[in-house]
Amino acid sequence: MKLPFALFIGLTLGASLCQAADGDAGKGAQIYQRCLACHSLEHNRSGPRHCGLFGRPAAAVPDFTYSQALKSAGLTWDAATLDRFLENPLKAVPGTKMAYAGIKNGQERADLIAYLKQATHDPAKCPQGSSH
Amino acid sequence: MSSTTPQASTTTDARRSFLSGFGKFTLSATAVALLAGRDRLALVGSAEAKTAGNDVTILNAALAAEQEAIAAYQVGATSGLLQKPVLDLAVQFQGHHKEHATALATTVKKLGGTPVAAKAKYTFPVEKLKTQADVLGFAAELERGAVSAYLGAIPILDDRELAKVAASILGDEAMHWAVLRQALGQPPVPSAFVS
């Protein structure tokens, strides 16, 4: 009977770790407010729009002017690359125009990424045509 | 997408007012002292020049956001949705952003950089701005974001004097945010800390 118990503990612990890594989109929506001086979901601002972010190569919004550094970074945006970039943009891509110290708290990054994933797949927030 | 651009709603008078505002611009005592001290950077060697280059990138990012805020307030001020005294407040806040932008552009030049130019057009969600509260809410979003943007920029500025000026701008934008929240009937200061 010891093995199933250990398995239960392992699965429970694993599930809670996955939960933390997944992030909370509701909390992420609050964190996203920090980004609103330079970004929005649907429209380019002084930073590029976020609709269509996941799976898009870095520096690929066609009507936005990027730094050469980001163009050359060879990144495709997903949870892992966003996590690395958001922690310290200038370290992840030296020369990026995103002059921001970064979000040092891993859970906050996970929450923000969860929100971005949810919001950018929501047709009400990212209508057709805003994801290119 | 039914968004529009500030140019579409910017009148000639507003543009003239904007330009005359620049003519009346005066730097704060802090900025004057700071900028005067920057002249020597044109003469220094590569290490300091590289540091200045990093700061130029950061200041240009702030300048781009300030220029967009100026355009956003222009949309709000010419929307016909703002009533006095809220309209006067919006124009005053726009004036602050113009002062920030001018100070930042001047500093970028003093550091040997090229100030980023304002965009020919900006796209704002004007289709969602139907009431005074909508405009105030949009402005509050921008100001809140600006506070975070400066919070994120200050730690990575190499020149601590520039960081002081950036903190001074942050304080101003935090006050804008609080006043806008108050006007919206929200608690003006929602928490003890801002991130």
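Here is a short report on the structure shown in this document. No experiment lies behind these values; they were computed from the predicted model shown. (Residues numbered from 1 in each chain as written. Chains lettered and ligands numbered in written order. Predicted model: local features only at pLDDT ≥ 70, side-chain atom pairs only at ≥ 80, totals over all residues. Heavy atoms only, no water.)

## Considerations on the environment of Ala 149 of chain B
Thought 1: Structurally, Ala 149 of chain B can be placed in helix H6 (residues 132-153).
Thought 2: A C-alpha to C-alpha distance of 8.9 Å links Ala 149 of chain B and Ala 65 of chain B, two positions 84 residues apart in sequence.
Thought 3: If we ignore the near neighbours within four places in the chain, the residues touching Ala 149 of chain B are Arg 34, Ala 37 and Tyr 100 of chain A. (Helix = DSSP H or I, 4+ residues; strand = E, 2+ residues; numbered from the N terminus. Contact = heavy atoms within 4.5 Å.)

## Brief notes about empty space enclosed by the protein
Residues and elements named next belong to chain B.
Thought 1: One pass over the structure, following the stated rule, counts four cavities of 30 Å³ or more.
Thought 2: In this structure, the largest cavity encloses a volume near 110 Å³.
Thought 3: Around the largest cavity, the lining is made up of 14 residues, and of these Tyr 73, Leu 82, Ala 90, Val 135 and Ala 139 lie nearest the centre.
Thought 4: In terms of residue class, the lining of the largest cavity is built from 13 nonpolar, one polar and no charged. (1 Å grid on protein atoms, 1.4 Å probe; cavity = no way out; pocket = protein on both sides within 12 Å on 5 of 7 lines; lining within 4 Å. Points joined across faces, edges and corners; volume = space filled by probe spheres on them. Nonpolar A, V, L, I, M, F, W, Y, C, P; charged D, E, K, R; others polar.)

## Describing the interface of chain A and chain B
Thought 1: Facing 16 residues of chain A, the contacting portion of chain B comprises 25 residues.
Thought 2: Sorting the residues of chain A by area buried against chain B places Arg 34, His 43 and Arg 45 of chain A first, and these three jointly supply 32% of that buried surface.
Thought 3: On inspection of chain A and its partner chain B, the count reaches one salt bridge.
Thought 4: For Glu 68 of chain B, the salt bridge identified is with Arg 45 of chain A, shortest N-O distance 2.9 Å.
Thought 5: Taken together, chain A and chain B are joined by five residue pairs in polar contact (both at pLDDT 80 or more).
Thought 6: Residue classes in the side of chain A that touches chain B are distributed as seven nonpolar, five polar and four charged. (Buried area = accessible area lost by both parts, 1.4 Å probe. Salt bridge = Lys/Arg side-chain N within 4 Å of Asp/Glu carboxyl O. Polar contact = N/O pair within 3.5 Å; in protein donor to acceptor, adjacent residues only side chain to side chain.)

## Topic: the state of the cysteines
Note: disulfide means a covalent bond formed between the sulfur atoms of two cysteine side chains.
Residue and element names in this part refer to chain A.
Thought 1: Counting across every chain of the model gives one disulfide over all chains.
Thought 2: Shown here is the disulfide that connects Cys 51 with Cys 126, its sulfur atoms set 2.0 Å apart. Note on the Cys 51 and Cys 126 pair: the S-S dihedral is about -85°, so by sign convention the disulfide is left-handed. In this pair, Cys 51 sits in the loop between helix H2 (25-32) and helix H3 (68-71) while Cys 126 sits in the segment after helix H6 (106-120), placing the two residues 75 residues apart along the sequence. Summarising the burial analysis for this pair, Cys 51 and Cys 126 share the class buried.
Thought 3: The thiol of Cys 38 is not disulfide-bonded; the next cysteine sulfur, from Cys 35, is found 8.7 Å away.
Thought 4: Given the relative accessible area of 21%, Cys 38 is considered partly exposed. (Disulfide = S-S within 2.5 Å. Buried < 20%, exposed > 50% of the residue type's maximum accessible area, 1.4 Å probe, protein only.)

## Structural notes on the layout of surface pockets
Thought 1: Roughly 780 Å³ of volume is contained in the second largest pocket.
Thought 2: For the second largest pocket, the lining is made up of 28 residues, of which Leu 36 of chain A together with Pro 125, Gly 137, Phe 138 and Glu 141 of chain B are closest to its centre.
Thought 3: In terms of residues, the lining of the second largest pocket owes the most to one element, H6 of chain B, which gives seven residues.
Thought 4: Of the residues in the lining of the second largest pocket, the class split is 14 nonpolar, six polar and eight charged.

## Side note on the packing of aromatic side chains
Residues and elements named next belong to chain B.
Thought 1: One pass over the full model with this rule turns up six aromatic pairs over all chains.
Thought 2: Between Tyr 73 and Phe 93, the ring centres sit 6.4 Å apart and the planes meet at 85°, which makes this aromatic pair edge-to-face. Here the residue Tyr 73 occupies a position in helix H4 (residues 46-77), and Phe 93 occupies one in helix H5 (residues 86-110), the gap between them amounting to 20 residues.
Thought 3: With a relative accessible area of 7%, Tyr 73 lands in the buried category.
Thought 4: Taken together, the aromatic side chains of Tyr 122, Phe 124 and Phe 138 make up a single cluster linked through ring pairs. (Phe/Tyr/Trp six-rings, centres within 6.5 Å; stacked < 30°, edge-to-face > 60°.)

## Quick word on the packing of H6 of chain B against helix H7 (residues 160-183) of chain B
Angle between the axes and distance between the axes are the two parameters that describe a pair of packed helices.
Residues and elements named next belong to chain B.
Thought 1: Across the interface, H6 lies against H7 with an axial gap of 8 Å and an inter-helix angle of 155°. One finds that H6 runs roughly antiparallel with respect to H7. Judged by the twist between their axes, the crossing of H6 over H7 is left-handed. For the pair H6 and H7, the contacting residues are Leu 136, Ala 139, Ala 140, Glu 143, Arg 144, Ala 146, Val 147, Tyr 150 and Leu 151 in the first and Ala 166, Ile 169, Leu 170, Glu 173, Ala 174, His 176, Trp 177, Leu 180 and Ala 183 in the second. (Axes fitted to C-alpha atoms, helices over the stretch in contact; angles between N-to-C directions. Parallel < 35°, antiparallel > 145°, perpendicular 65-115°, else oblique. Left-handed = near helix turned anticlockwise from the far one by under 90°.)

## A closer look at the side chain of Glu 68 of chain B
Thought 1: With respect to the helices and strands, Glu 68 of chain B occurs in helix H4.
Thought 2: Looking at Glu 68 of chain B, its side chain comes within polar contact range of the side chain of Arg 45 of chain A, at 2.9 Å.
Thought 3: If we skip the residues at most four places from it in the chain, Glu 68 of chain B touches Asn 44, Arg 45 and Ser 46 of chain A together with Tyr 122 and Phe 124 of chain B.

## Focus on unusual backbone geometry
Thought 1: Here the amide bond leading from Lys 84 of chain B into Pro 85 of chain B is cis, since omega sits at 10°, within 30 degrees of zero.
Thought 2: Residue placement: Pro 85 of chain B occurs in the loop between H4 and H5.
Thought 3: The phi dihedral of Ala 59 of chain A is positive, around 65°, even though this residue is not glycine.
Thought 4: On the secondary structure map, Ala 59 of chain A appears in the loop between H2 and H3.

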